[in-house]
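# A structural walkthrough
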Amino acid sequence: MYRNSRGRPGLVLAAAAVAQFVVALDMSVVNVALPAIRTALGFAPLDLSWVVHVYALTFGGFLLLGGRACDLYGRRRLFVLGLAVFGLCSLAGGLAQAPWQLVAARAGQGLGAAAAAPAALAMLTTTFTEGPRRVRALGVWSAVNAAGGALGVLAGGLLTEYAGWRWVMLINLPIVAAALALVPAGRDAGESPARRERLDALGAVLATGGLGLLVLGVVRTDTLGWGSPVTWTSLAAAAVLLAAFVVAESRAAAPLLRLGLLRSRQVAGANVLVFLAAAGQFTAFYFVSLYMQQILGMGAAATGTAFLPFSAGLVAGTIVATRITAARTPRASLVPGALLAAAGLAWFARISPDGGFLTDVLGPSLVTSVGAGLVLAPVAAAATTGIAPREAGMASGLMNSSRQLGGCLGLAALATAAAHHTGTATDPAALNAGYALGLAVGAALFVLAAVVAIGVLPRRRVSTPLPQSTVSAGQQLEGTPS
């Protein structure tokens, strides 16, 4: 049975999928446009990276807060608010006349995404009951999410080359409008207007500050390096704040993140898996894109077009994963998917400076993408299984945080390893060796994900709900989902 109060689950799924598409799209769409942005707005070389980093910083830093806020103030309300902020900031970015204006707009996009992304996933998990219907809904959401990330490279290349860099921001407007138009009217499923908990202010400050400093310290390693005092100061401060966050949450009556969620092997294991898979997937996007442009000499539009098979493989993998997971368990798709993605990245690691698209890119793209697709849908199902509707946003924020942190930390670490291996050399053979190393380590991450899935996720479907934290008498009378 569907739990949507208006009985319109199709609209909820469509709105969530379109929103997730544009959030994922913006993770990669500006990358190809950076040289054109630098020329047009006069960015200093060291400041240009903030166009990418500030989005990751605000998005990753505010995800837990956004997830919990949608539990307390309404998933639909946070979804609409987040998308509206995202759309307005996209317009501001497209009209930017100075570097600071574009950076500020990208920061606003990250804030909007941090509200909309967990709200979208929470809307799905509270609209569709656990079982095949939820798995199918999450399969669609995962496929669209994967397609958005992969197509961002294509869209960025085509828009920059044929329409101008401003359209990598303005393209978001019709997509956001479509998502908002699809949001069904009415109260959130399973939510009582009489129930209100206070937002855990201390937890919000500690989590946002800790995650923000963690992302900041990692993403700035591309210019400062891992040995920089600024890097280590940021990471040390992040560690202190996150440790304080754990202590505060263990004592809070209504925590931002209930630590009991992490006592579930399935939820904790799923978040580890999404962290590893995101690191491996971001690795593939990054190094393969560099290989095609720096070694094979392909232009921005051609590089983006070359990612189309990767996008198709991701969608195909999620479709197959949805059927497997609906009939069996997330583990049944996760293990072979992670191993297949590892095999594809290992194949990628054999790239040659004298190679070509057909010999070095197409085959491993298809293998890697199908494998990654087999991982994406079931990991979302595993991370939200057994979650009560009143904590759907909390679980969604946690999973999105794991995905974002996995991508940021994994990519920064592997990019540094590749650069260290390459050294000061700039010839194709040296660059190729660095890219190959990064891809090989990415393959190892997917193997580790398969090991985690085997060791943590159940062989058989488990329907026992997670234990809930103690609630007040007033909260116990909140009413049942409609």
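The structure reproduced in this document is the subject of the present report. (Residues numbered from 1 in each chain as written. Predicted model: local features only at pLDDT ≥ 70, side-chain atom pairs only at ≥ 80, totals over all residues. Heavy atoms only, no water.)

## A closer look at helix 12 (residues 265-295)
Heads up, the condition is: Put simply, DSSP marks the helices as runs of H or I at least four residues long and the strands as runs of E at least two long, and each gets a number from the N terminus on. The span one expects for a helix is its residue count, reduced by one, times 1.5 Å. Only protein chains enter the calculation, and the probe is 1.4 Å; a residue is then buried if its accessible area is under 20% of its type maximum, exposed if over 50%, and partly exposed in between.
For helix 12, with 31 residues, the first-to-last C-alpha span of 43 Å sits near the 45 Å given by 1.5 Å per residue. Most of helix 12 sits out of view: 22 of its 31 residues are buried.

## Here we look at the side chain of S311
For the record, the criterion: Residue contacts follow a heavy-atom distance rule, with two residues in contact if any of their heavy atoms lie within 4.5 Å.
When you line up the elements, S311 lands in helix 14 (residues 308-327). On the accessibility criterion, S311 (5% relative accessible area) is buried. If we skip the residues at most four places from it in the chain, S311 touches A150 and L151.

## Considerations on the nonpolar core
Threshold: Residue types Ala, Val, Leu, Ile, Met, Phe, Trp, Tyr and Cys, when buried and joined through side-chain atoms within 4.5 Å, form a set referred to as a nonpolar core.
I37, F59, F79, L102, L124, L273 and L314 are the most contacted members of the largest nonpolar core, which totals 108 residues. The element that contributes the greatest number of residues to this core is helix 12, accounting for 13 residues. Setting aside its immediate chain neighbours within four residues, I37 contacts G42, F43, L48, L102 and W165.

## Re the packing of helix 12 against helix 18 (residues 428-456)
The criterion, for reference: Axes here refer to lines fitted to C-alpha atoms; in helices the fit is confined to the stretch in contact. Angles between the N-to-C directions go from 0 to 180 degrees. Every angle not falling under 35 degrees, over 145, or within 65 to 115 is termed oblique; those three ranges are roughly parallel, roughly antiparallel and roughly perpendicular. By convention, the crossing between two helices is left-handed when the near helix turns anticlockwise from the far helix through less than a right angle, and right-handed when the turn is clockwise. Charged residues are taken to be Asp, Glu, Lys and Arg, nonpolar residues to be Ala, Val, Leu, Ile, Met, Phe, Trp, Tyr, Cys and Pro, and polar residues to be all remaining types, Gly included.
Where helix 12 contacts helix 18, the axes come no closer than 9 Å and their chain directions differ by 165°. In this view, helix 12 runs roughly antiparallel relative to helix 18, as classed from their interaxial angle. Regarding helix 12 and helix 18, the two cross each other, and that crossing is left-handed. A per-class count over the contact of helix 12 with helix 18 returns 22 nonpolar, 11 polar and 1 charged.

By themselves these figures say nothing about function.
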